[in-house]
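Structural description and commentary
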Amino acid sequence: ERAAPEEPAARGERRSEGTREMPAVAPTDPPSPSRRPPAGAAPTSSRSDGAQRAARRKRRRSGTFGKTLGRLVRGLAVILVILAALTPAYLWGSSRYFFAFEGGEVVAYRGLPYAPLGVELNREWQRPGLRESEIKEPYEEPVENHKLYTRGQAEKVLENLGR
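A short tour of the structure in this document, coming up. This structure is a prediction, so every number in the text was calculated from the model and none was measured.

1. With respect to the overall build of the protein
- Scanning the protein from N- to C-terminus turns up 4 helices and 3 strands.
- Listed by position from the N terminus, the elements making up the protein come as α-α-β-β-β-α-α.
- For the protein, with 163 residues in total, the buried portion stands at 17%.
- Of the contacts made within the protein by residues no fewer than 6 positions apart, 52% connect residues no fewer than 24 positions apart.
- When the accessible area of the protein is evaluated, it comes to approximately 13900 Å², of which 55% is carbon and sulfur surface.

2. Quick look at the packing of aromatic side chains
- Within the structure shown, the criterion is met by 3 aromatic pairs.
- Each ring, one from Phe98 and one from Tyr109, has its centre 5.2 Å from the other, and the planes form 15°; the classification is stacked. Of the two residues, Phe98 is situated in strand 1 (residues 97-102) and Tyr109 in strand 2 (residues 105-111); the sequence distance between them amounts to 11 residues. This pair shows no difference in class: Phe98 is buried, exactly as Tyr109 is.
- Pairing Phe99 with Tyr149 gives two aromatic rings, centres 5.7 Å apart and planes at 65°, and the pair type is edge-to-face.

3. Some thoughts on the sheet that holds strand 1
- Spatially, the 3 strands line up as an open sheet ordered 1-2-3, and their pairing is antiparallel. The strands lining the two open edges of the sheet, one partner per strand, are strand 1 and strand 3 (122-126). The mean inter-strand angle of the sheet, taken between neighbouring strand axes irrespective of direction, is 45°.

4. Let's talk about helix 3 (residues 137-144)
- Among all positions of helix 3, only Tyr139, Pro142 and Val143 are buried. Looking down the long axis of helix 3, one finds its buried residues gathered within 100° of arc, a one-sided arrangement. Counted as exposed and oriented over 90 degrees from the buried face of helix 3: Glu137 and Glu141.
- Contacts from the buried residues of helix 3 go to strand 1 and helix 4 (151-160).
- His146 sits one or two positions beyond helix 3 and adopts a positive phi of about 55°.

Reading guide: rules and limits
Residues numbered from 1 in each chain as written. Predicted model: local features only at pLDDT ≥ 70, side-chain atom pairs only at ≥ 80, totals over all residues. Heavy atoms only, no water. Helix = DSSP H or I, 4+ residues; strand = E, 2+ residues; numbered from the N terminus. Buried < 20%, exposed > 50% of the residue type's maximum accessible area, 1.4 Å probe, protein only. Contact = heavy atoms within 4.5 Å. Areas by Shrake-Rupley, 256 points an atom, 1.4 Å probe, with all protein chains shown as cover. Phe/Tyr/Trp six-rings, centres within 6.5 Å; stacked < 30°, edge-to-face > 60°. Pairing = 2+ DSSP bridges. Axes fitted to C-alpha atoms, helices over the stretch in contact; angles between N-to-C directions. Arc of directions from axis to C-beta.

Next up, the structure:
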């Protein structure tokens, strides 16, 4: 009969619980001369050339898409900031009224008496049917200078223009 191996504690040695030795890894054989890359050639990985090219295209596409999406988001943010900044000016301008002479006749406009870059910032509101010669003296200068009025003020001026 065989003798049972002595326990490490019985021999006076300490052994840690729950550990094992790692198995030894055998070195790999160098590639055979027929599989070895030519001298000066870059080493290749285990992937085929087609797989490497496909992976590079995918990275390039996803990078381009990410950049394009980022530019689009930044562009939209800039447009929204510009619109938010211009909205109060637009609302204020569209609530103003002025008078002008057009072909000797008085015309009331809603908006501002300007046309930056050829864009009119006003539209015709009313034509009271008064000629320039029928306008009272205190209203001639405000009409010529395009004085701005609120709607209530403009309606009062319309009542008093020819009286």
